[in-house]
Every structure is written in structure tokens, then in C-alpha cells.
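Residues per chain, in single letters:
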Amino acid sequence: MMQFMLLFSRQGKLRLQKWYVAHPDKLKKKITRELITTVLARKPKMCSFLEWKDVKVVYKRYASLYFCCAMEQEDNELLTLELIHRYVELLDKYLGSVCELDIIFNFEKAYFILDELVLGGELQETSKKNVLKAIAAQDLLQEDETVDAALRDVGWL
Amino acid sequence: MNGSESGFNPAFNIATIKQVVNEAIERVRMPTPTRLRDLIRQIRAARTAAEERSVVNKECAYIRSTFREEDSVWRCRNIAKLLYIHMLGYPAHFGQLECLKLIASPRFTDKRVGYLGAMLLLDERQDVHLLITNCLKNDLNSNTQFVVGLALCTLGAIASPEMARDLASEVERLIKSPNAYIKKKAALCAFRIIRRVPDLMEMFLPATRSLLTEKNHGVLITGVTLITEMCENSPDTLNHFKKIVPNLVRILKNLILAGYSPEHDVSGVSDPFLQVKILRLLRILGKNDAEASEAMNDILAQVATNTETSKNVGNTILYETVLSIMDIKSESSLRVLAVNILGRFLLNNDKNIRYVALNTLLRTVHVDTSAVQRHRTTILECLKDPDISIRRRAMELSFALVNGQNIRGMMKELLAFLERSDAEFKAHCSSAVVLAAERYAPSDKWHLDTLFKVLLKAGNYLRDDTVSSTIQIISSAATERQAYGAMRLWTSLEQSAVSGLATEKQPLIQVAAWTIGEYGDLLVSEASSAISMVDEDGVDDFVRPTEEYVIDIYQKLLWSTQLSISTKEFLLLSLAKLSTRFTTQASQEKIRVIIDTFGSHIHIELQQRGVELSQLFRQYGHLRPALLERMPAMEPVAAPHRDEQELDLSDTSPDHTKPDQDALLDLINGSDSLTNGDVEHQPEQIATTNNNTSSNDILDLLSGLDLTPSVPAAAPAVLLANNNVEPSAAPAALLLDGLFAPPATPQPPHPADANERNAAGAEWERAVLERGGVRVCVSARRAAGAAATLTARATSQLHTLTDFLFQAAVPKKIQLDMMSPSGTTLSPQGEITQVLKVTNPTKTPLRLRIRVSYNIDGTPVLEQTEINNFPADLFN
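Residues numbered from 1 in each chain as written. Chains lettered and ligands numbered in written order. Predicted model: local features only at pLDDT ≥ 70, side-chain atom pairs only at ≥ 80, totals over all residues. Heavy atoms only, no water.

**Description of the side chain of Gln17 of chain A**
Looking at where Gln17 of chain A falls in the secondary structure, it is placed in strand β2 (residues 14-19). Assessed through its relative accessible area of 8%, Gln17 of chain A is described here as buried. Separated by 3.0 Å, the side chains of Gln17 of chain A and Trp19 of chain A make a polar contact. Not counting residues within four places of it along the chain, the set of residues in contact with Gln17 of chain A comprises Met5, Leu6 and Tyr111 of chain A together with His86, Met87 and Leu120 of chain B. (Helix = DSSP H or I, 4+ residues; strand = E, 2+ residues; numbered from the N terminus. Buried < 20%, exposed > 50% of the residue type's maximum accessible area, 1.4 Å probe, protein only. Polar contact = N/O pair within 3.5 Å; in protein donor to acceptor, adjacent residues only side chain to side chain. Contact = heavy atoms within 4.5 Å.)

Put into C-alpha cells, the structure is as follows:
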């Protein structure tokens, strides 16, 4: 099970955080800070895995952004790399050749996509198509509501 | 939208509607809040942290005011902004209730952002959980699948035990939903619920099995995940699910044999995510079950041979397959296949795959050593890998592979590794080398040589027990070996002293000082030329020193300001011994002068030694030759034979299995050397009552005591001399008191008696360690049955201690459970507590050995002590 996922920039700025374990805010901040420092200090030649406290940290850098997952001891770290890659592919498809800025400005979308891919720290959908379909359908639902509300507001509905 | 009906301009679109809406609202309300996008821009435009803070604070103040005014129109946007601010690290808890209001809204947009906020801002300590449980319950019953989806997703992320209990039945109902989108999410929710509250598992069992009959991969993978959790949860459920092995095998087979399906394909492999999950479940089901293992042998072989290995995905599946093959009762041919796959992994270009291979080999090495041995050369190559994690794994694996046959070759590689390795490896690596050498040494000479090399290469990173064990080995060796040892160590000592590297190699200096002190006569005598000093590389770098030169080197070291006190103690005593080993009057005079200077040394312990030893050149000169005679051979430590000394050790850090073993050995060794020094009453008697002929053993005992590794580097000598607080070092003071003070001096009270027991029944508490403002107290309280609860409290007055680790050991008949410590970092005025549960069915007197390690400003400190004055009625 994934305990948490962090996205952060090469400068150490947090871009996304998803926690599947209940920690107080203070602890989350401490873990985030320490882990970012540890990962950023690693040299490019080093492998993507890191035994850190009681979790296995799997991280991978895509352009200026680090994707970093904390997994439990029994989890397959190579598969976690695939999971990260899958997430990147989805972001790429949804936001169109994604870059760090896209994720900053559309962070809520990035969360929505992650929530359709992973639930409670475990993978819920292995088909890219299904994830994007679910996101698109929900976006449409939101759009309909906006139109609806607008019409109501000006008294046409 | 049907704009034409109202006769409106046909060119109207969403943008114009939005504009109209915005304008309409602006007219009646306060101005439109900044859009999320604009806020992000503003924050990013801030040049300094202070500027950013001011933007954020302004916006937060505004958001708070809208919350107060119950503004529901812009709530969604404000929460979104707040979430961004939260990610930057600013407090955002004041948005928690607003999130709940959003969730309660009928609009999907509100719900989507509201649930996102709930997942980010709430953790399970929040009181708002009761409120959110109601919202979730409503939404789990919604007609819109996406609303149900949002609720399930949130429940999966933040389910507290109470929420899990309240909503389990809803989730169970949704698992049976015909809608795959809801079904898969509900299955994972059930997984999380069981994780939080294992008791709730029963109710999900009936609905779970049917998940595997689905075609949808999402439902399949979540179903497998749920079953895996259930199987790990209870052995009964594990048995219950044994019958699904054929189903799993069939699903896996279909995945492999099925043609290309674009939806689930990853670089030519069909749904690796699902394959890995199934392989893992098979592993759990096949473990210790011959029948189930038999049923999956074929498919595992098929996966192992048919998987494409050019990409990471293929290796991912192979890796999981290898783990399964190793864990179940698989055929031996399959095991060989698995180890060979790992062997291939070791040669892979991808460092991640090499790392995984080493890790897995490390797990399997105890099951099938010979298969792993075949890859030894590759593993040794990995010691040179640029990646530190790979080097660490390779080192651990290499030590696991050392045996009687390959010890010479392996040690050569490992010693080379020790020399070039990073500081963090040296302690572990050197003790592992020492252990392996002790276990598999092909000859005594080789063993000694290896120990000397470790001393030289590990420097100060060497664990302190190695010093005493090396000395023991030299002491019990043949005379020729002892001379050889003295000569070898002299060469190293001289080189370190001349090159100024002695401070980095204090353990070496200590062993060398002891050895030269004992066998210095052999070192300088003609006889030494008869001993071959040619080493493995065919070099003989030994030059026989003159007595005078040896003393010069000692003087240089003793007057160095950087050597630790205990190293100097070794040197000083050694020098005194040399006065009887060296024959010329000039040398003796020189030694006397050096020793006299210590009579006014600033350190009280050294000063006392200086004064005492200088007496041996004056008033008690006639005692000197007898007192400083060579020590009798020390008994080699055979810890496991002594039942009483065998100690159980539990460690508080769960992830370091290897160091644990070392720590255990270390503690056992420590306890034995301690016992050597602990026979204090006997020598006391000799010292006070016997005449000089028999007292020659005493200083030997004294030097034996100096080896006691439990005395910290800078033992609190003042305390020793005055209070006798530290039991392990007390005999030294007692002995000397007896020897040099008038015989009638009353003995200081035995340290164990100094602490009086409290009134029976009340909580017993003692300070057991106290040094440099760091204090460890242990309190004991009786518990039900033959058990007691001990609580150790550590406090520090001045310094912040990091990596604080508390270890404890008890005699074998007693069982010790250590709870997790309250922390590893101790700030001044702070406290770390560690609870220990001691079960003592035989009611043997409790002895507790504790060991505390921590870093002060990056300097590691290690202390240990033994407590044996627990109240006798603790277990009644």
C-alpha cells in the first residue's frame, strides 16, 4: 500500500501531496521536509529506491519534477515506478504535454486524476482509457452545472 | 440550454453567460474574489519569502472574512485557493468546516472540491469527522455514480476506525453494485476498512469472492488486493481462500496468453499491475502449503520463462515471480531458475534492477546459499558500484556468503572495500569482518593479520569491543605469535605516530600499546629477526626499533593533545610495563620522567595513575618487576556456553536486523568482559591482606579492567574516585585504594547497596546513567502475572541528542518486550520515554543490561550499564 505521494520541484517546492495514512499536520510537514532534502541530495547515478525510516521510497524525476512514493515493505518497487509512469502519462494526456507549470496551475485536476488512478493507497484502474473517461465525464458534469446555474441566475430557467 | 426560446441572441455561449452572472453578482455583493489562477500568479510573482507571505496573509484574511459571512457563491473558489495556500505550507485548518459545507451542497462542482479539501485538510483526529460521516453516508446513496465515487475515494483516504465502523455496511452494499466503476472503488474501501478495523472483515467475505469472476480489470485488481489483505489478516481466511488458486492461475494464464489488448498493454506486457498483484496473492496462498504450491508451479515457470525482459515492466513481473518461487514450496528446478533470473538482474544496466536483485538475493541467501554462491563474483563487483544503496546491499550480501572455503578471497575484497568505503559503512563493515574472521579463520596467523588490517583500515569507526577481543586473542596466542603481533603493531603504531594519523586510529593505538607493553622485550630483542615479517604482498617493512625510539614514540603520543583519555591510559600503563621489559638504565630513567609528568596531569584519572605509577619508581620500586609482569593468557570468550550470560536482546528499531545481531554479540561480549572485571571482592582481599609476592596479579587485573569496553571513552573519573557510581569501573579505584593507601582505609560501600529500595509495592525508580547532563532513569512497576512494566526516561539538560536509541537485554529465562520509543531526538528539557514489558515466569532475579546510543553535535556516544538492584518482590 502506498503511504503517501509527493510531487516536488528540483528547488524543493512541494507541488502535490497525497496522504493515505493519517498523520497530524506537523508530522506530515516534517516528513515532507526531510524526504525532499534526502531525495534532492541523491546523485543522478543512484538508484530510485531508498530505505527511509520504515518505508520504501521510490522516486523518479520527470523534467524538473520529482515524483516520490512511500511504499510499504512488501510492495514491488519496480511496479511503483510503473505506477508513477502511468500517472505521468495520464497527466500528459489530460493536460497536453504536461510541464511543472501545468501542474501548478491545475493542481486540483492533478489530484482528481490521481484519485481516479489510486484509491486508499492501492491502484484501482489499470486502463488509461477508463481513467480519462471518468475524468472527462466529471468535468462535463461540472460544466453542465455552470451553464445551468448561469441560466438560473439570469432567470431563463 | 435553450436560449432561443427566450428570443436571446443566438451567438450566446458559456463565456457570455459567465460574464452576465459575474456582473449580476458584482452589483449586489462585494467585488468578485481573485480567481485561483490569478492568486497563483501573484504568489509566484513574489520575489521574496516576505512578499509571498504578505500576499498569502492578505488572501487568507479575505478568505476568512468570506467564510464568516457565509458566502456560498464563492466558497468553492475560496477553498480551492486555500488548498493551494495549504500546499505552500501555510495553515489552512480554518477551511475544514467550509469543506464540509461544500460537500453538503447539491452541486457536483462543490462536492468535488469539498471532498478534495476534506482529504487534504482533515486528518483523523478531527472532531468534524462525525459531520463528514453523515455527508458520506448520504453521498454513498446518491444516484450519480461520480458522487458515490467521490465519497468512496474520500472514505478510502481518511477512514478513521469510527468512520469505518459506521460506513462498513454501505460499502459492503456497494461492492455488490452492478456498476464496475463503483464496485472497484468499494472493494478498495473495504480493503482500507479492514486495514483500520480487522474485526470488520467477516461481513465482506461473501461479496468478495465474486469479484474474481468479473472481466473488468479494475474490479479484478481491487478484488485481488482486498483478498490479499484478508489473507494476511487471519489464517482462517487464508485457508478459506486456498480454493481460489485455480481461478487466479486461470486469470494469470489468460493475461499471458491473450493477444495484444491496447487498453491494458504496457510495453508489450499485458496488464503488469494485475499480474504482479496476482503473483503476490499466489505467494501468500502457496506459502507452507505443498498442495497449493503444486497448483501454481507450472504457471510460475511459464511466467518466469515467457516474460519479455528488455523493459522495466517485464523485470517487474519477473521480480515478483522470483519472490513467489522463493516463498512457496516450489520445485528445486524452479528455484534454480529464480536465482538465475536474479543473477541476470545483477548484470543488468539498470541500477534499479541491480538493487532489487541484491535485495532479493539477501532475502534468499539463507534458504539456498549454494545457488547464490554461484553469483559471488558479480556480487563482489557490486561493491564498486557508484550507487551507495547498491554498495550497502552488496556488502550485506557478501558477508552472508562468507564461509570457510572462500574466506581468504572474500576478506581481501571486503578489506579493500572497508578501506575505501564511506564513513557510515565502516562501523558495520569492520565488525562484520571481525566476526567472519573469528568464525572462519583458516589459521591463527591469518586471523591476527586480518584483525590488524581491520584496526588499520577502520580507524576510529571500529566498535570498542574489537579492541578487547583482539587483545584477548593476542594474549592467548603462542609466544612467537605474540612477538609477531608486537612487531606488526609496532610498525603500524610508529607509522601512525609519525604521520600524525594516530588520532584517527585510536583503537589501533590501544591494541598496539597493550601488546607492546606486554611483549616489548620481544620487539627490541635480537630474537625478532628470526620471525618472518613478509606479508601477503611479499613486502617486509619491519625495522627493529631501539628502546629509546620506542619510548620517543610513546612520549609523542602521550603528549599529543588529541588522543582520548582511555587511549592515553593504555599508553601510560603500557609505558610503565616497558620499564621492566627494557633493560638499559637510560630507558628506565626516561620512562620515569615521562610518567612523573603525569603526576600533575589536568585529567584526574591520568593524574592518579601518574602518581601511583611513579611510586613504583620510588618508595615501592622493589614491587615493580613483580607487579608489572606479563599477564597470564586470557581465557577466550565463549559466550554461548554460559547459560546465565546469554541475554535476549530486543531492539527498538525494527528495520535493522543485521546490526541487531551484532549488537547482541556486542552486548554478550561486553557482559563477559564485565564479568572479568566484576570479581571485585576477591582481588580486594588480596590487595589488602596479601604480601607483595602475590600482588603481581593485581595490576594485571587492573590492565584487564582497562579493556572493559563498557567504560566510555572519557569515563567520569571524578565520580569514580568519589562515589563509585559506575559499577564496572569501580574495581579499578578499589584496587588502587587497597594497594597504595594505608591498609586500614575503609572500603567504600558497594555500589549496589548505595541505592536503597523504596517501600515495597510503590514504584521503584533509579537514575542509571548520568553523564554530561544526559540522564537516564528507569522505573519499575509491578504488573499482572509474573510481569513488570519498566519505563526508561531520558532527559538532556544542555544538548540536543539525535538518533537516540535505547536497547535492553535480560537473561534468557526472562522475556522482554520493548514498546516503540516516544522519539529519537531529545531536545534540552525534553524527554524520551521507552516502555519495556518484562515477563518473568520463573521469577529469577531481574538483571537488565541497557545500552544507550546517541549523537551530540554529530559525535556518536555509546553508553551501557547493568541494573541488578531491582526490588526482589517485583514479580510476586
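Now that the structure has been shown, we can carry on.
**Considerations on the sheet that holds strand β8 (residues 815-818) of chain B**
Residues and elements named next belong to chain B. A sheet is described by the order of its strands in space; here 5 strands give the open sequence β4-β5-β6-β9-β8, paired in antiparallel fashion. Two strands lie at the open edges of the sheet, namely β4 (764-771) and β8, each paired on one side alone. Geometrically, the sheet is characterised by an average inter-axis angle of 20° between neighbouring strands, direction not taken into account. In the sheet, β4 pairs with strand β5 (residues 774-783) via 7 bridges, with the strands oriented antiparallel. Residue pairing across strands places Glu765 opposite Ser779, the latter belonging to β5. (Pairing = 2+ DSSP bridges. Axes fitted to C-alpha atoms, helices over the stretch in contact; angles between N-to-C directions.)

**Quick notes on the interface of chain A and chain B**
Residue-level contacts link 71 residues of chain A with 83 residues of chain B. Contact between chain A and chain B buries roughly 7,000 Å² in total, counting both sides, with carbon and sulfur atoms accounting for 60%. Broken down residue by residue, the surface that chain A buries against chain B is led by Leu78, Phe105 and Leu119 of chain A, which jointly contribute 10%. Inspection of the region where chain A meets chain B yields 9 salt bridges. For Glu116 of chain A, the salt bridge goes to Lys185 of chain B, with nearest N and O atoms at 3.3 Å. Mapped onto the side of chain A that touches chain B, the elements with two or more residues apiece are β2, α1 (25-41), β3 (49-52), α2 (77-95), α3 (100-105), α4 (107-117), β7 (122-123) and α5 (128-153) of chain A. Among the elements that make up the side of chain A that touches chain B, the one with the highest residue count is α5 of chain A (16 residues). (Buried area = accessible area lost by both parts, 1.4 Å probe. Salt bridge = Lys/Arg side-chain N within 4 Å of Asp/Glu carboxyl O.)

**Structural notes on the sheet that holds strand β5 (residues 65-71) of chain A**
Residues and elements named next belong to chain A. Ordered in space as β2-β1-β5-β4-β3, the 5 strands form an open sheet in which the pairing is antiparallel. The open sheet is flanked by β2 and β3, the only strands paired with a single partner. Between one strand axis and the next, the sheet turns through 20° on average, direction left out of account. Looking at chain direction, strand β4 (residues 55-62) and β5 are connected through 7 bridges and run antiparallel. Note that in β5 the partner of Lys60 across the bridge is Phe67. Its contacts with the sheet place α4 against β1 (2-9) and β2, and it is angled at close to 35° to β2.

**Here's the deal with helix α9 (residues 161-175) of chain B**
Residues and elements named next belong to chain B. An ideal rise of 1.5 Å per residue puts 21 Å on 15 residues; α9 measures up with 20 Å between its terminal C-alpha atoms. Maximum bend of α9: about 55°, positioned at Leu167. Regarding α9, the residues found buried are Met163, Ala164, Leu167, Ala168, Glu170, Val171, Glu172, Leu174 and Ile175. Buried residues along α9 sit against α7 (129-140), α8 (145-158), α10 (180-196), α11 (205-209) and α12 (217-233). (Expected span 1.5 Å × (residues − 1). Bend = angle between axes of the 7 residues up to and from the residue.)

**Quick word on the packing of helix α5 (residues 96-104) of chain B against α7 of chain B**
All names here are of chain B. As a packed pair, α5 and α7 sit with axes 10 Å apart at the nearest point and diverge in direction by 20°. As summarised for this structure, α5 and α7 are arranged roughly parallel, according to the angle between their axes. Remark: the crossing between α5 and α7 carries left-handed chirality. Judged by residue contacts, Leu97, Leu100 and Ile103 of α5 engage Leu131, Ile132, Cys135 and Asp139 from α7. (Parallel < 35°, antiparallel > 145°, perpendicular 65-115°, else oblique. Left-handed = near helix turned anticlockwise from the far one by under 90°.)

Remember that the coordinates give geometry; whether it matters functionally is a separate question.
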